[in-house]
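So you can see what is in the structure, the chains are spelled out below.
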Amino acid sequence: MPWIKQEDCNGCGICVEVCPVNVVFMDNEKADIDMDNCIRCGKCHGICPQEAVRHDSERIPVEVEANMEETGKLMQHFRNKKEKREFLERMIKHFNKEKIVAERTLEKIKILKEKI
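Counting from 1, residues in each chain are numbered in the order their sequence is written. Two thresholds apply to this predicted model, a pLDDT of at least 70 for residue-level local features and 80 or more for giving and counting side-chain atom pairs, whereas whole-chain, interface and lining totals are computed over all residues. The basis for the side-chain values is all heavy atoms of the structure; hydrogens and waters are excluded.

## Section: the environment of Lys-81
Its location among the elements puts Lys-81 in helix H4 (residues 81-115). C-alpha separation for the pair Lys-81 and Ser-57, spaced 24 residues apart in sequence, amounts to 35 Å. In DSSP terms, a helix is any run of H or I states spanning at least four residues, a strand is any run of E spanning at least two, and both are numbered starting from the N terminus.

Right under this line is the structure:
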């Protein structure tokens, strides 16, 4: 999903104009995206002269760190090593499930793409 790197946005509004579903908007003289309604068409990526519209793959380290921070906060609720290890095993299962969901979704999207 696209996102706006605020420090690179000069507020020109070109991305707002090109968005086919009007989910790119100006906020405090910077562009922003309503991610819940973005259709991922990519038009804002190609039009931004400042390259402020970025790809979400750049956020992987940030998202990993957020997952680790949340895991650390949750782990504080467990008192001993055994409970903490059990909790971490559940977190491993949780993220493995997320990985499987993503992999299977990608497989189905590739099949859909081949049919087009």
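Here the narrative resumes, following the displayed structure.
## Examining the confidence of the model for the protein
Per-residue confidence from the predictor is given as pLDDT, running between 0 and 100. Averaged over all residues, the pLDDT of the protein equals 95, while 100% of them reach at least 70. H4 holds the highest mean pLDDT among the elements of the protein, 97, whereas helix H2 (residues 43-47) holds the lowest, 91.

## Some words on the pattern of salt bridges
One side-chain nitrogen of Lys or Arg within 4 Å of one carboxyl oxygen of Asp or Glu is enough to make a salt bridge. Following the criterion strictly, the structure yields five salt bridges and no others. In this structure, Arg-54 engages Glu-58 in a salt bridge whose closest nitrogen and oxygen atoms are separated by 2.7 Å. Taking the shortest distance from any N to any O, the salt bridge between Lys-82 and Glu-86 comes out at 2.8 Å. Remark: Glu-86 and Lys-82 occur in helix H4; sequence separation between them is four residues, near one turn of the helix. Glu-86 gets classed as partly exposed once you look at its relative accessible area, which sits at 35%. To sort residues, take the accessible area from a 1.4 Å probe on protein chains only and compare it with the maximum for the residue type: under 20% means buried, over 50% means exposed, and anything in between is partly exposed.

## Description of the packing of helix H3 (residues 60-75) against H4
Axes are the key here: two packed helices are described by the angle between their axes and the distance separating the axes. In contact at an axis separation of 10 Å, H3 and H4 are set at 145° when each is read in the N-to-C sense. Here the hand of the crossing between H3 and H4 comes out right-handed. Every residue of H4 that contacts H3 at Asn-67, Thr-71, Leu-74 and Met-75 is listed here: Lys-84, Phe-87, Leu-88, Met-91 and Phe-95. Under the scheme applied, nonpolar residues are Ala, Val, Leu, Ile, Met, Phe, Trp, Tyr, Cys and Pro; charged residues are Asp, Glu, Lys and Arg; polar residues are all the others, including Gly. A class-by-class count of the residues in the contact of H3 with H4 yields six nonpolar, two polar and one charged. Orientation is described by lines fitted to C-alpha atoms, with helices fitted over the stretch in contact, and by angles between N-to-C directions that extend from 0 to 180 degrees. Two helices that cross are described as forming a left-handed crossing if the nearer one is turned anticlockwise from the farther one by less than a right angle, and a right-handed crossing if clockwise. Residue contacts follow a heavy-atom distance rule, with two residues in contact if any of their heavy atoms lie within 4.5 Å.

## Quick word on unusual backbone geometry
A negative phi angle is the norm for most residues apart from glycine, just as the trans form is the norm for most peptide bonds. Even without being glycine, Asn-28 reaches a positive phi, approximately 55°. Here Asn-28 shows up in the loop between strand E2 (24-27) and strand E3 (30-33). Its identity is not glycine, yet Glu-51 carries a phi of approximately 55°, on the positive side. Note on Glu-51: relative accessible area 53%, which makes it exposed.

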